[in-house]
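Read off the chains here:
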Amino acid sequence: MTNLTNTISKKNKHFSMNVFILVLAIIGAVLPLIWDNPYTMQILILIFLYAAAAGAWNIIGGYAGQVSLGHVAFFGLGAYTTALLYNFFGISPWIGMILGGILAAVVAGLISYPCFRLRGPFFTLATLAFAEVLRLLSIWARPLTGGQVGVTILFNPGFKNFQFFGKTPYYYIALILMFLVLIVSIWIERSKFGYYLTALKEDHDASEALGINTAKYKLYAIAISGFLTGLCGAFYTQLLLFIEPLSVFTSHLSNQFAMIAVVGGAGTAVGPILGSVIITPLNELLRGALGGDFQGLNFVIFGAILILVVTFMPNGLVGFFKDMKAKINHRSESK
Amino acid sequence: MLEAKKICKHFEGLKAVNDVSFTIEKGEILGLIGPNGAGKTTIFNMIAAVFPLTSGEIYFNGKLISNLKKPSDVCKAGIGRTFQVVKPFGGMTVLENVMVGAFNVTNSVSEATEKAMKAMDQVGLLRRKDMLAKNLTVSDRKRLEVARALATEPQLLLLDEVMAGLNPTEVEEIIPLIRKIRDDGITIFMIEHIMASMMALSDRILVLHHGEKLAEGTPAEVTSNEKVIEAYLGGKH
Amino acid sequence: MYLMQVLISGLMLGGIYAMVSMGLTMIFGVVRVINFAHGEFLMIAMYLVYWLNVLLGMDPYVSILITVPVFFVFGVFVQRILIQPIQESPATIKIFSTLGLGLVLSNLALMLWDADYRSVKVSYSTAVINISELSISVPRLIAFIFALLVAVFMYSFLTKTDLGKQIRAVSQNRQAALLMGINVRKIYMIAFGIGSALVGLAASLLMPMYFVYPSIGLLFGLIAFVVVVLGGLGNMYGAFLGGLIIGLVEAIAGAYIDPALKEVFYFIIFILILLLKPSGLISMGRGSEEVGL
């Protein structure tokens, strides 16, 4: 009997989540048809992009609890791979995107492996340092990357070249990217892999004793996370058609990816989307409105938000809503 | 089933376990006793590959396991364990905790759920299945440790003081549970401080003192062994 | 001779790195928090030295009398207000809290003082002492001497005084320290205070020879992280030694390879240490590489 109710409640939970995703997808798909304003479109594209990148971060940082502060490294690898393969060899950015993602995944694995054999803060420190190393290398390797000047992607619009005149195609691609990350996250949540990641986040020794090869699963997680982050970087290249070390290897982006996930709710599939819906427009607003006069104000505010969230809402907005719901349910039950 | 040959573990000069040999027969309950600091948990950690042996070898079903590098490899080989200081996954429910164990033998979520339900039923945790593990009482946490380890479907189960911290009634409840596990075909190697329950449960007992094997035999043999009385029981008077 | 010159200036520079890193490792070893705002503390301290010089004409070396106590108090407050409420939370929470503080500090600096590079103008900035064919920068030499003094002072403080012994007791075993009647919360605050005070001192010694700008914290933070891992997490002596080594590496890489790539070498060292000897150069014994968080 209990077995039955359990499976039913689980099915219900899955069902409502599936419905939620479907509704979100439909809204996302029809929105440009009714509200086709370039500025709004631009903001929405960024919301999706950041939600995707934060969601990718969330796979290793949230589910597996291994905090990376250098995810921009994988973003930048995706971005540069796509740009350089297209400019030097004329390889379609669609293929460049996949190759960039794969490169990011492999590099992520190589950097993380020594850290995952150990416990402690090594992974966080290694990612932080590695991102800085890539930034410096991208400046240094001038013949390849153009150094500080950056790379301008040769403009030749068309689907094959992943370049478009209007914003709408970018909008749909960003939307798909976000949903890809969301679906991967949900798959993780509902599979053995997700259970294992949560377990190793909670207790390393107990996980090992229960047969979890913790290093291996963390490695899978960082590879998936790196791949998806690489895709985001590639998309960014095609969106702006110009990249430079300052824009795709900046520690600001690493912080932003992590912060969006944490504010929304790390270790949940919708957390990064929720976080991006709040943080990304706020960021654009603060930069746009106050820009020149108060350079850095956005990050002062975000830093403060980050401190407040982890201190008072350690499970982010999703956790906060869950607690609220539990309280309301509890109250109605006691009545 | 398990054979330890002259195993040693030295920590920077300290001989935590020194030259200990023993065997565990299939289907038995072997007790491991000894005063605090005798090296009991160290032996568990050596079997479970928490750290490498200084010297010696451990065989399981005739295969060398003391060269395994990770505790997860040992679990995969068929040895489950519990921890003296319980380590629940606090943010997961009881069911999810046990499912993590069950995933050792299946990749399917529904199968893992089924196996977890069975293991929880075995230890009497079914009614707590949706509770967060961090909200469990001490006694339920101990049960959770056992259920999780059981769910990995081990041939040999290492129980590290599952009765410590329980009140007499709870101890009374857990004794038949351990017997039941053995009757289901799982060999048990257990550390316990409560002598009475150890005597009641164990087929044989291994006595450890200052990292060395002091005696080995049936409960009756061990309790009448003079060295044991002097070193272990005598120490308490 | 050129090599000798390179080694000497690297060693001197390493003194500064050692000081900053000893602060970081102190905080980690005792409070079990990696202070991701550590570099930003240094940056703010450097601005303090800068403004004391510009507004009051205070010599950077005299400013030690202000930066050290001010940053001691600052560290105590950060521990009390920011860390203490989340002391028992998972490591990730603490990472984000100190990261958030770092973001606030570096961007506050950007808002208030722009991204300009600023330096103090003192007569001895470029002064050198010539010993046969070697020339030694006076500010670097002073910094190095201070680093040695600090190392000796910290050693005797931690081993000889009651407070120092309490700090070591807490870093080795928090539970046992509690049972011994040590006020662990107070020790945390003091340790964070000392860790920050070292940064204040380093700032005063750095300003005669360095520029300050808002993102300099990231650079010094990274160096300190590498040094601390190199020396063994939480190990003061290791941090001192590690600081000197990184100073040497930087000088050698700068002189013989490419100064633009010095961080790449830090990182290679960092990864090598993780692969070969994760407990750091000076092992504190079994499992010290896994102090966790």
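Residues take numbers from 1 onward in each chain, read along the sequence in its written order. Following the order in which they are written, the chains are lettered starting with A and the ligands numbered starting with 1. Residue-level local features of this predicted model are given only where pLDDT is at least 70; pairs of side-chain atoms are given and counted only at 80 or more, and the full residue set underlies all totals for whole chains, interfaces and linings. No hydrogens and no water enter the side-chain calculation; it runs on all heavy atoms of the structure.

1. Some details on the interface of chain A and chain C
Consideration 1: Two residues form a contact once any of their heavy atoms are found within 4.5 Å. Taken together, the contact between chain A and chain C spans 42 residues of the former and 40 residues of the latter.
Consideration 2: A 1.4 Å probe defines the accessible area here, and the buried area is the portion of it lost by two parts on being joined, summed over both. For the pairing of chain A and chain C, the buried interface totals around 3,800 Å² over both sides, and the portion due to carbon and sulfur atoms is 83%.
Consideration 3: The largest per-residue losses of area from chain A upon contact with chain C belong to Phe122, Leu125 and Ile307 of chain A, which jointly make up 15% of the total buried on that side.
Consideration 4: Any carboxyl oxygen of Asp or Glu within 4 Å of a side-chain nitrogen of Lys or Arg constitutes a salt bridge here. Linking chain A with chain C are zero salt bridges, by the criterion used here.
Consideration 5: Under the rule applied, a polar contact is a pair of N or O atoms within 3.5 Å (in protein, one hydrogen donor and one hydrogen acceptor; residues adjacent in sequence only if both atoms are side-chain atoms). There are four residue pairs in polar contact (both at pLDDT 80 or more) connecting chain A and chain C.

2. Section: the interface of chain A and chain B
Consideration 1: Each side of the interface is counted separately: chain A has 21 residues, and chain B has 30 residues.
Consideration 2: There are one salt bridge connecting chain A and chain B.
Consideration 3: In this structure, the salt-bridge partner of Asp205 of chain A is Lys87 of chain B, at a minimum N-O distance of 3.5 Å.
Consideration 4: Linking chain A with chain B are eight residue pairs in polar contact (both at pLDDT 80 or more).
Consideration 5: Mapped onto the side of chain A that touches chain B, the elements with two or more residues apiece are α1 (2–34), α8 (192–202) and α9 (204–209) of chain A.
Consideration 6: Strands are runs of DSSP state E lasting at least 2 residues, helices are runs of H or I lasting at least 4, and numbering of each runs from the N terminus. Among the elements that make up the side of chain A that touches chain B, the one with the highest residue count is α8 of chain A (six residues).

3. Some thoughts on helix α14 (residues 297–312) of chain A
Consideration 1: Expected helix span is taken as 1.5 Å per residue step, with the number of steps being one fewer than the number of residues. The end-to-end C-alpha distance of α14 of chain A is 22 Å, a good match for the 22 Å that 16 residues give at a rise of 1.5 Å each.
Consideration 2: A 1.4 Å probe rolled over the protein chains alone gives each residue an accessible area, and that area as a share of the maximum for its type sets the label: buried under 20%, exposed over 50%, partly exposed in between. All of the buried residues in α14 of chain A are Leu297, Asn298, Phe299, Val300, Phe302, Gly303, Leu306, Ile307, Val309 and Val310 of chain A.

4. Some remarks on a nonpolar patch on the surface
Consideration 1: Like charges are joined within 9 Å and nonpolar side chains (Val, Leu, Ile, Met, Phe, Trp, Tyr) within 5 Å, but only among residues with over 30% relative accessible area and no salt bridge; these make up the patches. Residue burial considers only the protein chains on display, and all accessible areas are found by Shrake-Rupley using a 1.4 Å probe. Residues Leu22, Ile26, Val30, Leu33, Ile34 and Trp35 of chain A make up a contiguous nonpolar surface patch of about 680 Å² in total accessible area.
Consideration 2: Its location among the elements puts Trp35 of chain A in the loop between α1 and α2 (38–63).

5. Details of the nonpolar core
Consideration 1: In terms of nonpolar packing, the biggest core is built from 265 residues, with Phe235 of chain A, Ile178 of chain B together with Phe96 of chain C touching the most fellow members.
Consideration 2: Top contributing element to this core by residue count: α2 of chain A, with 18 residues.
Consideration 3: Those residues in contact with Phe235 of chain A that sit more than four places away from it in its chain are Ile45, Leu49, Met97, Phe162, Tyr170, Ile173, Ala174 and Leu177 of chain A.
Consideration 4: The term nonpolar core refers to a set of buried residues drawn from Ala, Val, Leu, Ile, Met, Phe, Trp, Tyr and Cys, joined through side-chain atoms within 4.5 Å. Listed in part, the 31 residues of the second largest apolar core include Ile24, Ile65, Val74 and Leu156 of chain B.

6. A few points about the side chain of Thr93 of chain B
All names here are of chain B.
Consideration 1: Positionally, Thr93 belongs in the loop between β6 (79–81) and α3 (94–102).
Consideration 2: The exposure class assigned to Thr93 is buried, which follows from its relative accessible area of 15%.
Consideration 3: Setting aside residues up to four positions removed in sequence, Thr93 forms contacts with Lys129, Asp130, Met131, Leu132 and Ala133.

7. A closer look at the pattern of salt bridges
Residue and element names in this part refer to chain B.
Consideration 1: Enumeration according to the criterion identifies 18 salt bridges over all chains in this entry.
Consideration 2: In this structure, the salt-bridge partner of Asp184 is Lys180, at a minimum N-O distance of 3.3 Å.
Consideration 3: You can call Asp184 partly exposed: its relative accessible area is 42%.
Consideration 4: Taking the relative accessible area as the measure of exposure, Lys180 reaches 42% and is therefore partly exposed.
Consideration 5: With a closest N to O distance of 3.5 Å, Arg182 and Asp183 form a salt bridge.
Consideration 6: When salt bridges with common partners are traced through the structure, they connect Glu28, Arg204, Lys213 and Glu216 into a single cluster.

8. So, the sheet that holds strand β9 (residues 204–209) of chain B
Residues and elements named next belong to chain B.
Consideration 1: Pairing between two strands requires that DSSP report at least two bridges joining them. Taking strand neighbours across the sheet as the criterion, the six strands line up as β6-β7-β8-β3-β9-β10 in an open arrangement whose pairing is mixed. The open sheet has two edge strands, β6 and β10 (212–217), and neither has a second partner. Recorded for the sheet is a direction-independent mean angle of 20° between the axes of neighbouring strands.
Consideration 2: Bridging between strand β3 (residues 29–33) and strand β8 (residues 187–191) involves four bridges; their strand directions are parallel. In the strand pairing of β8, Leu32 is matched with Ile191.
Consideration 3: Those strands touched by helix α1 (residues 40–47) are β3, β6, β7 (156–160), β8 and β9, and its axis lies near 140° from that of β8. Axis definition: a line fitted to C-alpha atoms, over the contacting stretch in the case of helices. Angles run 0 to 180 degrees between N-to-C directions.

9. Some remarks on unusual backbone geometry
Consideration 1: Positioned with a positive phi, Asn61 of chain B is a non-glycine residue whose angle comes to about 50°.
Consideration 2: Its location among the elements puts Asn61 of chain B in the loop between β4 (55–60) and β5 (63–64).
Consideration 3: For Asp114 of chain C, which is not glycine, the phi dihedral falls at a positive 60°.
Consideration 4: Here Asp114 of chain C shows up in the loop between α4 (91–113) and β1 (128–131).
Consideration 5: Of the residues examined, Asp114 of chain C reaches a relative accessible area of 39% and is grouped as partly exposed.

10. Quick notes on the packing of aromatic side chains
Two descriptors summarise a pair of aromatic rings, namely the distance from one centre to the other and the angle between the planes of the rings.
Consideration 1: Aromatic pairs are defined between Phe, Tyr and Trp rings, using the six-membered ring for Trp, whenever the two ring centres lie within 6.5 Å; interplanar angles under 30 degrees are classed as stacked, those over 60 as edge-to-face, and all others as tilted. Here the structure, examined in full by the defined rule, presents 46 aromatic pairs over all chains.
Consideration 2: Measuring from centroid to centroid gives 5.9 Å for Phe155 of chain A and Phe165 of chain A, while their planes differ by 80°, and the two rings are edge-to-face. Taken together, the residues Phe155 of chain A in the loop between β1 (151–152) and α7 (168–189) and Phe165 of chain A in the loop between β1 and α7 connect sequence positions ten residues apart.
Consideration 3: Residues Tyr196 of chain A and Tyr217 of chain A carry aromatic rings whose centres are separated by 4.9 Å and whose planes lie at 85° to one another, so their mutual orientation is edge-to-face. With Tyr196 of chain A in helix α8 and Tyr217 of chain A in helix α10 (residues 214–240), the pair connects residues that are 21 residues apart, well separated along the chain.
Consideration 4: Relative accessible area serves as the criterion here: at 1%, Tyr196 of chain A is assigned to the buried category.
Consideration 5: Residue Tyr217 of chain A is classed as buried on the basis of its relative accessible area, which comes to 13%.
Consideration 6: Members of the aromatic cluster, connected to one another through ring pairs, are Trp187, Phe193, Tyr195, Tyr196, Tyr217 and Tyr220 of chain A together with Phe103 of chain B.
Consideration 7: Only Lys NZ and Arg CZ are tested; either one counts as a charge over a ring when it is within 6 Å of the ring centre and within 35 degrees of the ring normal. Here the basic side chain of Lys87 of chain B rests over the ring of Phe83 of chain B, its NZ or CZ set 5.1 Å away from the ring centre.
Consideration 8: When the ring centre of Phe89 of chain B is taken as origin, the NZ or CZ atom of Arg148 of chain B, which lies over that ring, is 4.6 Å away.

11. Digging into the sheet that holds strand β1 (residues 2–11) of chain B
Residue and element names in this part refer to chain B.
Consideration 1: Taken in spatial order, the four strands make up an open sheet running β2-β1-β4-β5, and their pairing is antiparallel. Strands at the two margins of the open sheet, each flanked by one partner only, are β2 (14–24) and β5.
Consideration 2: When β4 meets β5, the two strands line up antiparallel, connected through two bridges. By the bridge assignment, Tyr59 is partnered in β5 with Leu64.
Consideration 3: Packing of α1 onto the sheet brings it into contact with β1, β2 and β4, and relative to β2 it is tilted by some 65°.

12. Regarding the environment of Ser138 of chain A
Residues and elements named next belong to chain A.
Consideration 1: With respect to the secondary-structure elements, Ser138 resides in helix α5 (residues 122–140).
Consideration 2: With a relative accessible area of 5%, Ser138 lands in the buried category.
Consideration 3: Remark: the alpha-carbon pair of Ser138 and Phe249, spanning 111 residues in sequence, is separated by 8.5 Å.
Consideration 4: The residues contacting Ser138, other than those within four sequence positions of it, are Tyr80, Thr145, Gly147, Pro245 and Phe249.

13. So, the environment of Gly185 of chain B
Consideration 1: Checked against the element boundaries, Gly185 of chain B lands in the loop between α6 (168–183) and β8.
Consideration 2: Each C-alpha atom, one on Gly185 of chain B and one on Gln155 of chain B, is 7.6 Å from the other, the two residues being 30 residues apart in sequence.

14. Focus: the pairing of β1 of chain C
All names here are of chain C.
Consideration 1: Here four bridges tie β1 to strand β2 (residues 134–137), and the two strands are oriented antiparallel to one another. Opposite Ile129, over in β2, you have Ile136 as the bridge partner.
Consideration 2: What sits between the antiparallel neighbours β1 and β2 is a turn of two residues, in which Ser132 has the positive phi angle 45°.

15. Quick look at the confidence of the model for chain B
Residues and elements named next belong to chain B.
Consideration 1: pLDDT measures the predictor's confidence residue by residue and takes values from 0 up to 100. Mean pLDDT over chain B works out to 91, with 97% of the residues at or above the 70 mark.
Consideration 2: Taken element by element, chain B is modelled with least confidence in helix α9 (residues 226–233), mean pLDDT 76, and with most confidence in α3, mean pLDDT 96.
Consideration 3: On the interface metric, ipTM, the complex scores 0.92, and its pTM is 0.92.

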